[in-house]
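Listed here are the chains, written in short residue letters.
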Amino acid sequence: MAQVQPGNSPSAEPVTDPALQEKVEEKVESARQVAAQLLKGIKQIGMYRHNEAKFPEFLARTHEALTAHTEKHGALHIKVEQQNFMTYGEPLFAEDTPLPYKFFRDGIRQLILRPGLSLEELVTFTLIALSEPERGAEDVLAQLWRSGLEHLEYVVVEGFRMDEVNEEEVEVEVDRVVGYLYSRLKTGSDDYLRFARVNAEDLDSKLDGVEQMRGLVVAGNYASDDLKARLQREISEEEGARLFPKLVSAIFLVIEGGVEDRELLEEIFVQLLDAMLIQDDYGTINQMLLKMRALAQRAPGGEIERLVGYFTQKMGDEQRVMRLAEMLKATRPRNPVDINRYMQALDSSAVFALLNALETIDIPENRLLMCDALARFAQDNPHPFVQRLESERPQTVRDMVYILEKSDHPERVKMFGLVMLNKNLAVKLEVMNIIARGRTAEARKLILDALNDSAAQVRMLAARLLPEFDRDRAYTDLMRLMREASFDKKSLEERTACYAALGSTALPGAISLMLQTLSVKPTLLNKKKVLEDKLLAVAGLAAACSIPGYKALQGVVEDKSQPIEVLTAARKAMYQTKKTLFGETTVAEEA
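Residues numbered from 1 in each chain as written. Predicted model: local features only at pLDDT ≥ 70, side-chain atom pairs only at ≥ 80, totals over all residues. Heavy atoms only, no water.

A word on helix α26 (residues 527-544)
Item 1. Taking 1.5 Å per residue, 18 residues should reach 26 Å; α26 reaches 26 Å between its end C-alpha atoms and fits that length.
Item 2. Within α26 the residues assigned to the buried category are Val530, Asp533, Lys534, Leu536, Ala537, Val538, Gly540, Leu541 and Ala544.
Item 3. Buried residues in α26 make contact with α24 (492-504), α25 (508-518), α27 (547-558) and α28 (564-582).
Item 4. Among the residues trailing α26, Cys545 stands out with phi positive, at a value near 50 degrees. (Helix = DSSP H or I, 4+ residues; strand = E, 2+ residues; numbered from the N terminus. Expected span 1.5 Å × (residues − 1). Buried < 20%, exposed > 50% of the residue type's maximum accessible area, 1.4 Å probe, protein only. Contact = heavy atoms within 4.5 Å.)

Given below as C-alpha cells:
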C-alpha cells in the first residue's frame, strides 16, 4: 500500500452550491462508469477464468474509464459499505453486490485509486477482489499488503468493543475517530510530522458526541507464529530490496551536489560497506563502486577518484574478506555473479587475505569461485601462489595449480615442476594431466622426465601422455625405454602401459613391432616370456584403435596357432576396436 498522500476525500454531506453540486454529480457519474466497466470485466474473467493471459484485455475498458476519471477529477475515493461502494454518499453499483463485502469484512473502509494506476495493478486488484478466502485463499487485507500496489491506498479499521455500548454505536464512533485521524494526514504544508503531534485533547475537542473511551477493549485475533515469521521475512526483504538502494541513491545525490569533506565521505561509505556485508548484499556494493567510478571519470584526479581507491582497499581488508569466507563456508550463494564481481574489484593487496580465506572453505563450488577470482592476480604476481605449491595440503596444491593454469602465465609450466617434487601421489598425477593440456615443449619435457620417477603410477601416466604431444617423438622415446635392459624387470602393468602408449601412436613402425612380437614362436625355455610379450602386443594393437590395428587383431584371431590366452585377448580387443571405430557390435560379440 502506498503512503497516504495529501488530497480531498469525498464527503457524504449534501452540497448546497449548485456549481459544486453539478461537479459532484459529474464525478459520481464518472465513477459509476468505472464501476460498470469493472463489473463487465469481472463477468468476462469469470467466464474465461482459465485464460489468465486475456485478463488485461477484459479490464482494458475499465482502465480507460479509470484513467479518464483520475486525469479529470483526481484520485477516485471509494467508501466501502457491506453491499456497495459509495462516493459522495451515492452508490456506484446499480444494485447491491457481494463484491464490497470481502473488503468490509476485513476492516477496509476506504479505497483510494490514485492517478497513474497501471493496467497490471488493476488486474492484480481485481483478482484480489475475486479471491475466495473461504476456499483457502489469503484474506483480502493480507493480499493487498503483499501485492504492494503503489497507486492503491486503503484505510483499515480494526474491530472495537466497549462495555454497555452496542456494536452499531461503536462503529459510528470509531468511524468518526478514523475520519479525524485520516484528515490529520492530509495537509498542504511542509509539516510532515503534524500527525505525530496528535494528542488526546485535540481528538476530544474535535469529536462532538463521542463519549470518553475509558475501559476500551480492542478485540482481534492474535498473530500466529507463521504470520510473524512471514512478516519478518518480508520486512527483511523490503529492507534489502528497497531501503539500502534508496539510501545509497540519496548519498550519491548529496555527493553530486558537492561534498568536500573527504573523511566524512570515507566514513559514510565504509559504514555502508559493513552494513551490506552483514546482510550479504554484494549486489548493492558493486553498484556503489560502479557509481563511484562513473563519478570519478567525470573529474579525474579529484576526491572521488581517491575515494574509489580507499573504498576498494577497505573491501579487501582481511576482516571483510573473512566475512565473505564465512558466508561461502556455510552455504552456496544465491548470487555467485555478485560475489565474483566483488572479488574482481579488489586490488593486489587483498591477495593474501583471499588465499587465507580460501583455506577455510570446503564447498567445491565456492572454492572454484574464489580460485577464478584469484587467477587475475596470478598473472601479474605468481609468487604467492608458487609458494603454496609446496604445501602439504593436497587441496591447496590443486587450487594453486588450477589458479596458475587459468592465469595463463607464460612460465607456469616451470612452476609446476615444483609439484613434481611433492610427496602426494594423487597431486602429482592430477598436475601431470593439467601439464599435458599445455602441449608446449616445456610441458613435454616435464612429462618425459616423469618416465624416470620413483613411483610406477607416475611413470605409467607419463608414458600414456607422451603421444598427446608428438607421436613421432613419443615413438622414439618409448622405443628407447623398451630397449633398456631394465624394462623386462618392470611390473606387467607398467609394461602394458608402455606398449599401450606405443600402440596409441598408431604409427606403422609401432604396428609392425606388435606383429613381429606376435609372430615369435615360443621354445621350452622362453614360453612364459613369449606369452607375456604377445599379450603386451595385443594391448598395444588395442590402444592403436585404428583400421590397421583392427586388421592386425583380426589376423591374430584367425591364427589358430596362437595360445588360447592370446586368442581370447585379441578377440576382445578386436570387438572393442570395432565398436569404437564403427559403433556396431552384436550381442554375441560383446559376450
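And the narrative resumes.
Observations concerning the pattern of salt bridges
Pairing between side chains becomes possible if they bear opposite charge and their charged atoms approach one another.
Item 1. Here the structure, examined in full by the defined rule, presents 24 salt bridges.
Item 2. Here Arg320 ties to Asp317 by a salt bridge, and the two come within 3.0 Å at their closest N and O atoms. Accessibility classification places Arg320 together with Asp317 in one group, the buried group.
Item 3. Salt-bridge contacts for Glu365 lead to Arg332; the nearest nitrogen and oxygen are separated by 3.5 Å. Note that Glu365 is positioned in helix α16 (residues 364-380) and Arg332 in the loop between α13 (318-330) and α14 (336-344), a separation of 33 residues in sequence.
Item 4. Since its relative accessible area comes to 44%, Glu365 is described here as partly exposed.
Item 5. Linked by salt bridges that have partners in common, Asp274, Lys314, Asp317 and Arg320 make up one network. (Salt bridge = Lys/Arg side-chain N within 4 Å of Asp/Glu carboxyl O.)

Some remarks on the side chain of Asn84
Item 1. Turning to its location among the elements, Asn84 is positioned in the loop between β1 (76-80) and β2 (85-87).
Item 2. Under the relative-accessibility criterion, Asn84 is labelled buried at 6%.
Item 3. Here the side chain of Asn84 touches Phe93 through a polar contact of 3.2 Å, landing on its backbone nitrogen.
Item 4. Those residues in contact with Asn84 that lie beyond four places of it in its chain are Lys79, Pro91, Leu92, Phe93, Glu95, Asp96 and Pro100. (Polar contact = N/O pair within 3.5 Å; in protein donor to acceptor, adjacent residues only side chain to side chain.)

Considering the nonpolar core
Item 1. Counting 104 residues, the largest nonpolar core has Tyr342, Met370 and Phe385 as the members making the most contacts within it.
Item 2. Top contributing element to this core by residue count: α16, with eight residues.
Item 3. Among residues more than four places away in sequence, those in contact with Met370 are Leu324, Leu328, Met343, Leu354, Ala357, Leu358 and Ile361.
Item 4. With 35 residues, the next largest nonpolar core counts Ile45, Leu99, Phe103 and Phe125 among its residues. (Core = buried A, V, L, I, M, F, W, Y, C linked by side-chain atoms within 4.5 Å.)

Things to note about the pairing of strand β4 (residues 108-113)
Item 1. For β4, a buried count of six out of six residues is recorded, marking the element as mostly surrounded by other parts of the structure.
Item 2. Note that β1 and β4 share four bridges and pair antiparallel. Following the sheet pairing, Leu76 is matched in β4 by Leu113. (Pairing = 2+ DSSP bridges.)

Observations regarding the sheet that holds β1
Item 1. Sheet architecture is open: five strands sit in the order β3-β2-β1-β4-β5, paired in antiparallel fashion. Strands with a single pairing partner mark the edges of an open sheet, and in this sheet they are β3 (90-91) and β5 (152-156).
Item 2. Sheet strands in contact with helix α6 (residues 140-147) are β4 and β5, and its direction is about 140 degrees off that of β5. (Axes fitted to C-alpha atoms, helices over the stretch in contact; angles between N-to-C directions.)

A closer look at unusual backbone geometry
Item 1. Residues other than glycine seldom take positive phi values, yet Tyr88 does so here, at roughly 55 degrees.
Item 2. In this fold, Tyr88 is placed in the loop between β2 and β3.
Item 3. The backbone of Ala506 shows a phi angle near 60 degrees, a positive value even though the residue is not glycine.
Item 4. Position of Ala506 relative to the elements: it lies in the loop between α24 and α25.

Quick look at the environment of Ala426
Item 1. By the element assignment, Ala426 lies in helix α20 (residues 425-436).
Item 2. Take Ala426: its relative accessible area is 40%, and that puts it in the partly exposed class.
Item 3. Remark: the alpha-carbon pair of Ala426 and Pro394, spanning 32 residues in sequence, is separated by 8.1 Å.

Digging into a nonpolar patch on the surface
Item 1. A cluster of nonpolar side chains, Ile547, Leu581 and Phe582, forms an exposed patch at the surface whose accessible area comes to about 250 Å².
Item 2. Tracing the backbone shows Phe582 in helix α28. (Patch = residues over 30% accessible without salt bridge, like charges linked within 9 Å, V, L, I, M, F, W, Y side chains within 5 Å. Areas by Shrake-Rupley, 256 points an atom, 1.4 Å probe, with all protein chains shown as cover.)

Here's the deal with helix α11 (residues 282-298)
Item 1. Taking 1.5 Å of rise per residue, 17 residues should cover 24 Å, and α11 covers 25 Å from first to last C-alpha, within 8% of that figure.
Item 2. Buried within α11 we find Tyr282, Gly283, Thr284, Ile285, Asn286, Met288, Leu289, Met292, Leu295 and Ala296.

Remarks on the packing of aromatic side chains
Item 1. Throughout the structure, instances matching the rule amount to seven aromatic pairs.
Item 2. Here Phe55 and Phe58 contribute two aromatic rings whose centre-to-centre distance is 6.5 Å and whose plane-to-plane angle is 40 degrees, an arrangement assigned as tilted. Here Phe55 pairs with Phe58, and both are found in helix α2 (residues 55-58), just three residues apart, close to one helical turn. One exposure class covers both Phe55 and Phe58, and it is buried.
Item 3. Through a chain of ring-to-ring contacts, the aromatic side chains of Phe85, Phe93, Phe103 and Phe125 assemble into a single cluster.
Item 4. Seen from the ring of Phe104, Arg109 lies directly overhead, with NZ or CZ sitting 3.9 Å from the centre.
Item 5. The cationic tip of Arg376 hangs over the ring face of Phe377; the distance from NZ or CZ to the ring centre is 4.2 Å. (Phe/Tyr/Trp six-rings, centres within 6.5 Å; stacked < 30°, edge-to-face > 60°. Lys NZ or Arg CZ within 6 Å of the ring centre and 35° of its normal.)

Examining the confidence of the model for the protein chain
Item 1. For the protein chain, mean pLDDT is 79; residues scoring 70 or higher make up 80% of the total.
Item 2. In the model, residues 1-8 has pLDDT below 50 throughout and makes 21 contacts with residues more than four positions away in sequence or in other chains.
Item 3. Contacts from residues 212-218, a stretch scored under 50 in pLDDT, to residues over four places away or in other chains number eleven contacts. (pLDDT = per-residue confidence, 0-100.)

A look at the pairing of β5
Regular strands place side chains that alternate from one sheet face to the opposite one.
Item 1. By the criterion of burial, β5 is predominantly enclosed, with four of the five residues buried.
Item 2. Sheet topology places β4 next to β5; five bridges connect them, and they run antiparallel. Its bridge partner being in β5, Leu111 is matched across the sheet by Tyr154.

Digging into the packing of helix α22 (residues 456-465) against α24
Item 1. For the pair α22 and α24, interaxial distance at closest approach is 8 Å and the crossing angle is 10 degrees. Taken together, the axes of α22 and α24 are roughly parallel relative to one another. Across the interface between the two elements, Ala456, Arg459, Met460, Ala463 and Arg464 of α22 pack against Glu493, Glu494, Ala497, Cys498 and Ala501 of α24.
Item 2. Tallied by class, residues from the contact of α22 with α24 come to six nonpolar, no polar and four charged. (Parallel < 35°, antiparallel > 145°, perpendicular 65-115°, else oblique. Nonpolar A, V, L, I, M, F, W, Y, C, P; charged D, E, K, R; others polar.)

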